[in-house]
Every structure is written in structure tokens, then in C-alpha cells.
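Spelled out, the chains give:
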Amino acid sequence: GAGIVILTGCVSIEKAYKGISWMSVIMIAAMIPMGLALQKTGTAKLFADTLISVLGEGNPIYLLGSIFLITTLFSQFINNSATAVLMVPIVLFAAQSIDISAKPLMITVAISASTAFLTPIGTTTNAMVIAAGGYKFYDYFKVGFPLLLLFLITTLVLVPIIWPF
């Protein structure tokens, strides 16, 4: 879509280049080696094994909920794409170790990485409106927490139905 807009002259290359969020590009580029390091050093497998041993292998819904909560915690402080890059190896190892499909876990990572509702730090959009709207840090928590619970419940109900384990 972006290529078509540039090729048809609707947006100049210079304007498109200026519109790129370089902070996000750099953050994602920096987190990809971190995700690979988690895999290669065995840290992702260790984290996944710990998660499984704490939650047990019986009900994957507990794993789904835990992955949601851990990912959303990370997303409150770092970019959502970087959060997803960090969580993917952990989720893959967890799914593999209890022999379930990784799809519902990966979808949960995608959803929960985009739930930076509790702080103005997690996304540039939240950071941009804090001063303009006269908001306080706690305002994000007051409004974001019920929204986060709604996303959590919806994810735990719908994801296993649409993408079975």
C-alpha cells in the first residue's frame, strides 16, 4: 500500500521518509538480536520451562493467561514490536514443550503486546497526549486497567475457540 501511494505520487519519497518512526525501527532492530540471544543461550527455553513447571501442563488456558500478563507487562514500558520479538522464542518453546499448537499463544502475544494502556511510556501515542491532555500518570492506569481486563477476558475466551490448542 505504501509503495502504491509513493508510485502514484500521492506522497513524495521525502515526505514518506520523514513519516517513518525511526525510534521504532531502531528499537525493533535492536530487539531482534536480543530475541536470537534468548534462543541461542537457552534463556528462552529456561523461561518457558519455568513457566510450564509453575503452571503445570494440564490446562493451556493458564499458560495463555500468563503469556498475556507477562507480555502486557513488558509492553507498558517498551515498544510493542520489541515486546513481541522478545516473547516469540519463549512462546514457541512453551508450546513445543507441552505439545500444543503455537498459534493461540502467538496470537495472544500479538494482542497483549498491543495493550500498553496502563502507562504513557509504552507507546508514543500515549506519550504525545499526556501533556496536551493534561493527564497524569495515574489517569492511564484508571482508564487502562478496565480496558486491559476486557482484552484479557476476550482473549482467553475467543483465542482458544478461533485458534484451538
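Quick caveat: nothing in here was measured; it's all calculated off a predicted structure.

A. Expanded view of the packing of helix H4 (residues 43-55) against helix H6 (residues 80-97). Closest axis-to-axis distance for the H4/H6 pair is 8 Å, and the angle between their directions is 55°. The pairing of H4 with H6 is recorded here as oblique in orientation. The handedness of the crossing between H4 and H6 comes out as right-handed. Seen from H4, the contacting residues are Ala44, Lys45, Phe47, Ala48, Asp49 and Ile52; seen from H6, they are Pro89, Ile90, Phe93, Ala94 and Ser97. The class makeup of the residues in the contact of H4 with H6 is 8 nonpolar, 1 polar and 2 charged.

B. Representation of the environment of Thr43. Mapped onto the elements of the fold, Thr43 is located in helix H4. Separated by 40 residues in sequence, Thr43 and Gly3 have C-alpha atoms that sit 39 Å apart.

C. Main features of the packing of aromatic side chains. Taken as a whole and judged by the stated rule, the model has 4 aromatic pairs. Seen from their ring centres, Tyr138 and Phe141 are 6.1 Å apart, and the 25° between their planes marks the pair as stacked. In this pair, Tyr138 and Phe141 are both assigned in helix H9 (residues 137-162), 3 residues apart and thus about one turn of the helix distant. Looking at Phe141, the relative accessible area reads 37%, which means it is partly exposed. The structure contains a cluster of three or more aromatic residues connected by ring pairs, namely Tyr138, Phe141 and Phe145.

D. Layout of H4. Relative to the 18 Å expected for 13 residues at 1.5 Å per residue, H4 spans 18 Å between its end C-alpha atoms, a close match to the ideal helical length. The set of residues buried in H4 consists of Ala44, Ala48, Leu51 and Ile52. Considered in projection along H4, the buried side chains sweep an arc of 95° and stay on one side of the axis. For H4, the exposed residues lying more than 90 degrees away from the buried face are Leu46, Ser53 and Val54. Positive phi appears at Gly56, one or two residues downstream of H4, with a value of about 85°.

Cut-offs applied
Residue numbers here run from 1 along each chain, matching the order of that chain's written sequence. This being a predicted model, a pLDDT of at least 70 is required before a residue's local features are given, and a value of 80 or more before pairs of side-chain atoms are given or counted; all residues contribute to the totals for chains, interfaces and linings. Side-chain metrics rest on all non-hydrogen atoms present in the structure, leaving aside hydrogens and water. Only C-alpha atoms enter the line fits that serve as axes; for helices the fit covers just the stretch in contact. Angles between N-to-C directions range over 0 to 180 degrees. Every helix listed is a DSSP run of H or I at least four residues long, and every strand listed is a run of E at least two residues long, numbered separately from the N terminus. Roughly parallel here means an angle under 35 degrees, roughly antiparallel means over 145, roughly perpendicular means 65 to 115, and every remaining angle is called oblique. Helix crossings are classified by the rotation of the near helix relative to the far one: an anticlockwise turn of less than a right angle makes the crossing left-handed, while a clockwise turn makes it right-handed. Contacts: residue pairs with any heavy atoms within 4.5 Å of one another. Polar here means any residue other than Ala, Val, Leu, Ile, Met, Phe, Trp, Tyr, Cys and Pro, which are nonpolar, and Asp, Glu, Lys and Arg, which are charged; Gly is therefore polar. Ring geometry is summarised as follows: Phe, Tyr and Trp rings, the Trp one being its six-membered ring, pair when their centres sit within 6.5 Å, and such pairs are stacked at plane angles under 30 degrees, edge-to-face over 60 and tilted between the two. Note on classification: 1.4 Å probe, protein chains only; a residue is buried when its accessible area is under 20% of the maximum for its type, exposed when over 50%, partly exposed between these limits. How far a helix is expected to stretch is found by multiplying one less than its residue total by 1.5 Å. The arc in question is traced by the directions running from the helix axis to the C-beta atoms.

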